[in-house]
Amino acid sequence: MEELIEKLKKEVIAQLNLEEITPEDINPDASLFGEGLGLDSIDALELIVLLEKNYGIKIEDPKDGKKIFHSIRTMAEYITEHQK
Amino acid sequence: MDLYITSYCLVRDNRVVVNDRLVFYQENILKFADFIKAVYQQGQINYPKFYKMDAISKLGFVAAELVLKETSTEGLDSGAIGVVLSNASSSLVTDIAHNETIKDRNGYFPSPSVFVYTLPNIVIGEICIKNHFKGENVFLISESFNARLLHDYVGELFENGRVDACLCGWTELNGDIFNAMTVWVTRAGFTNSEAGQSYRPLLFSAENMNVIMSHN
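Residues numbered from 1 in each chain as written. Chains lettered and ligands numbered in written order. Predicted model: local features only at pLDDT ≥ 70, side-chain atom pairs only at ≥ 80, totals over all residues. Heavy atoms only, no water.

### Observations concerning the interface of chain B and chain A
Across the contact, twelve residues belong to chain B and 13 residues belong to chain A. Counting each side, the surface lost to burial between chain B and chain A is near 1100 Å², with a carbon and sulfur contribution of 58%. Sorting the residues of chain B by area buried against chain A places Tyr51(B), Lys52(B) and Phe109(B) first, and these three jointly supply 56% of that buried surface. At the boundary of chain B with chain A, the tally comes to one salt bridge. Residues Asp43(A) and Lys52(B) are paired through a salt bridge, measuring 2.7 Å at the closest nitrogen-oxygen approach. Along the contact surface separating chain B from chain A lie three residue pairs in polar contact (both at pLDDT 80 or more). (Contact = heavy atoms within 4.5 Å. Buried area = accessible area lost by both parts, 1.4 Å probe. Salt bridge = Lys/Arg side-chain N within 4 Å of Asp/Glu carboxyl O. Polar contact = N/O pair within 3.5 Å; in protein donor to acceptor, adjacent residues only side chain to side chain.)

Spelled out as structure tokens, the structure:
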């Protein structure tokens with residue numbers, strides 16, 4: 001899990017062009033939206049694309065997004081559970 | 001009505017000129033992405049969303065911010081500050097980038113953050129959001145820099161009372177070839193910020209815009 005979390009941090013930084021942020025800056029349990037990394041709605045769409053492109057996971061119900069993308073750790077847990 | 005160019009910025013050929021001052025120069029030829037990032041960092045423009053913008057937005061945004069540092073918008077109604085920009089290549093660079101993400105049917109992953117920039121006027125939105133400008137704005141496409149077109153359009157906005165100040169210019173980018181010019185236009189009596197006090201305003205005319213554009 002920890003290995004996947006570190007990999008995800010790097011992928012999120014690259015996919016979202018977070019040039020002023022390093023993997024060490026990201027608390028895996030901190031909220032990605034709002035007060036945490038301050039991501040916006042376009043970033044949310046990019047994260048959906050990231051899951052599909054890098055892990056072959058398609059989110060069927062958009063309502064699940066809030067829970068899946070709460071933090072890097074919740075993303076990693078979702079990937080672990082759903083990756084074929 | 002007498003209108004004046006109270007500040008200007010030129011970004012091209014690995015250099016940036018603001019109000020006749022060379023404020024950035026890089027001897028070695030850089031890729032556009034590296035160049036504009038270096039200018040942004042040196043200009044101390046603290047706006048993290050810059051990194052998420054497409055190339056033309058970065059170009060126009062930096063050229064706008066460097067002009068705005070020289071000016072003062074104090075006392076101006078945000079609803080009366082306009083932005084009129086133009087170029088030749090529209091958002092072609094970003095359109096091509098978007099096409100790259102969708103051309104392979106087996107690897108069809110359009111990027112939302114690329115797609116949202118596939119219009120040239122998004123750069124105006126970025127400038128307006130950052131600076132809270134809410135006045136008239138338009139992005140014009142012409143084959144080459146057309147000072148007369150810009151002058152006449154902006155002049156009409158002032159004549160009709162739609163704006164009290166206007167950022168206008170040219171933000172052209174095609175591959176790694178780029179050329180941007182922004183000018184701040186206001187009525188007589190406008191005062192620059194402390195940074196721009198030493199610049200002597202020019203009458204806002206197509207001729208003077210061409211003079212600025214041909215600055216070496």
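### Examining helix α6 (residues 147-159) of chain B
Residue and element names in this part refer to chain B. Along its 13 residues, α6 runs 18 Å from first to last C-alpha, staying within 8% of the 18 Å computed at 1.5 Å per residue. Every buried residue belonging to α6 is among Ala-147, Leu-150, His-151, Val-154, Gly-155, Leu-157 and Phe-158, and all of these are buried. Considered in projection along α6, the buried side chains sweep an arc of 155° and stay on one side of the axis. Those residues of α6 hidden inside the fold are in contact with β1 (3-12), β4 (81-87), β5 (137-141), β6 (165-174), β7 (177-187) and α7 (206-213). Between the side-chain oxygen of the N-cap and the backbone nitrogen of Arg-148 there are 3.3 Å, and the N-cap of α6 in question is Asn-146. (Helix = DSSP H or I, 4+ residues; strand = E, 2+ residues; numbered from the N terminus. Expected span 1.5 Å × (residues − 1). Buried < 20%, exposed > 50% of the residue type's maximum accessible area, 1.4 Å probe, protein only. Arc of directions from axis to C-beta.)

### So, the packing of helix α1 (residues 2-15) of chain A against helix α4 (residues 72-82) of chain A
Residue and element names in this part refer to chain A. Between α1 and α4, the least distance of the axes is 9 Å, while the angle of their chain directions is 115°. Of the two elements, α1 crosses α4, and the hand of that crossing is right-handed. Taken together, the residues of α4 that come into contact with α1 (itself represented by Glu-2, Leu-4, Ile-5, Leu-8, Lys-9 and Val-12) are Ile-72, Arg-73, Met-75, Ala-76, Ile-79 and Thr-80. A breakdown of the residues in the contact of α1 with α4 according to their chemical character gives eight nonpolar, one polar and three charged. (Axes fitted to C-alpha atoms, helices over the stretch in contact; angles between N-to-C directions. Left-handed = near helix turned anticlockwise from the far one by under 90°. Nonpolar A, V, L, I, M, F, W, Y, C, P; charged D, E, K, R; others polar.)

### With respect to the environment of Gly107(B)
Looking at the secondary structure, you find Gly107(B) in the loop between α3 (92-102) and α4 (112-115). Among the residues examined, Gly107(B) registers a relative accessible area of 24% and is labelled partly exposed.

### Regarding the nonpolar core
Residue and element names in this part refer to chain B. Core analysis: the largest hydrophobic core is formed by 40 residues, its most contacted members being Val-11 and Val-16. Mapped by element, the contributors of at least two residues to this core are β1, β2 (15-18), α1 (32-42), α2 (55-68), β4, α5 (122-131), β6 and β7. Element by element, the count of residues in this core is highest for α2, at nine residues. In terms of nonpolar packing, the next biggest core, distinct from the first, is built from 27 residues, Leu-3, Ala-147, Met-181 and Ala-206 among them. (Core = buried A, V, L, I, M, F, W, Y, C linked by side-chain atoms within 4.5 Å.)

### With respect to the pattern of salt bridges
Taken as a whole and judged by the stated rule, the model has 13 salt bridges over all chains. The residue Glu207(B) makes a salt bridge to Arg148(B) at a minimum N-O spacing of 3.3 Å. Here the residue Glu207(B) occupies a position in helix α7, and Arg148(B) occupies one in helix α6, the gap between them amounting to 59 residues. A network of salt bridges, in which partner residues are shared, links Glu2(A), Asp29(A) and Arg73(A).

### A look at the packing of α1(A) against helix α2 (residues 41-55) of chain A
Residue and element names in this part refer to chain A. Contact geometry for α1 and α2: axes closest at 11 Å, N-to-C directions at 125°. Regarding the angle of α1 to α2, the classification is oblique. In the packing of α1 onto α2, the handedness of the crossing is right-handed. Listed contacts from α2 to Leu-4, Lys-7, Leu-8, Glu-11, Val-12 and Gln-15 of α1 are Glu-46, Leu-47, Val-49, Leu-50, Lys-53, Asn-54 and Tyr-55. For the contact of α1 with α2, the per-class residue count stands at seven nonpolar, two polar and four charged. (Parallel < 35°, antiparallel > 145°, perpendicular 65-115°, else oblique.)

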